[in-house]
Amino acid sequence: ALQDPNRAPFWKVFRSNQDDALVTLCGFNFQFFMELHDIFQPLYEKYTPYSDGVHITRVVRKGGQKKRSVNSISCLGLVLAWTRTRGSNMVLQMLFGLTSTVLSTWLRFGRRILIKVLCQHPKAEITMPSDEELNEFTTIIERKYPRLKIHGEQWMG
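Residues numbered from 1 in each chain as written. Predicted model: local features only at pLDDT ≥ 70, side-chain atom pairs only at ≥ 80, totals over all residues. Heavy atoms only, no water.

Under the defined criterion, the tally for this structure stands at ten aromatic pairs. Centre to centre, the rings of Trp 11 and Phe 14 are 5.3 Å apart; their planes meet at 75°, and the pair counts as edge-to-face. You can see Trp 11 and its partner Phe 14 sitting in helix 1 (residues 9-16), three residues apart, about one turn around the helix. Each member of the pair, Trp 11 as well as Phe 14, is classed as buried. Site record: aromatic cluster; members linked through ring pairs are Phe 10, Trp 11, Phe 14, Phe 30, Phe 33 and Phe 96. Seen from the ring of Trp 82, Arg 111 lies directly overhead, with NZ or CZ sitting 4.6 Å from the centre. (Phe/Tyr/Trp six-rings, centres within 6.5 Å; stacked < 30°, edge-to-face > 60°. Helix = DSSP H or I, 4+ residues; strand = E, 2+ residues; numbered from the N terminus. Buried < 20%, exposed > 50% of the residue type's maximum accessible area, 1.4 Å probe, protein only. Lys NZ or Arg CZ within 6 Å of the ring centre and 35° of its normal.)

The subject of this paragraph is empty space enclosed by the protein. Taken as a whole and assessed by the stated rule, the structure comprises one cavity of 30 Å³ or more. Approximately 30 Å³ is the volume found for the largest cavity. Around the largest cavity sit Pro 5, Val 70, Ser 74, Leu 78, Phe 96 and Leu 98, which together line it. Tallied by class, residues from the lining of the largest cavity come to five nonpolar, one polar and no charged. (1 Å grid on protein atoms, 1.4 Å probe; cavity = no way out; pocket = protein on both sides within 12 Å on 5 of 7 lines; lining within 4 Å. Points joined across faces, edges and corners; volume = space filled by probe spheres on them. Nonpolar A, V, L, I, M, F, W, Y, C, P; charged D, E, K, R; others polar.)

This is the structure in structure tokens:
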């Protein structure tokens, strides 16, 4: 029998405040996990995992609405752990205390939210290094490999 998701092994790791344990499970230490969570949570709260199957949909607030079984920290942890466990749902079910169907629903939702967050965040952009950085890299590489000569144009392919 599965436990309450709020008492699942993930929460034991999370509440331990041990960076190495969280890095092993999710790939991030607590500081970066919480920084990512700070930008993940607003969209998590804004949308619902129960959608038309194609798009995530906004939450329509109604009186007496049922509390979500997976909170934003668990949802983000689930997505990050999924990337570290090569997608083994059986392992994730045990770690997060969720049945297969519930886990699949929250994992799909969490991945969609994380992608939406990262697409909108400037630090997640792929950018070319500046000319100054390219020159610095060139110097470092040429020092380490003196027979290799790199010219500025070669950086661009």
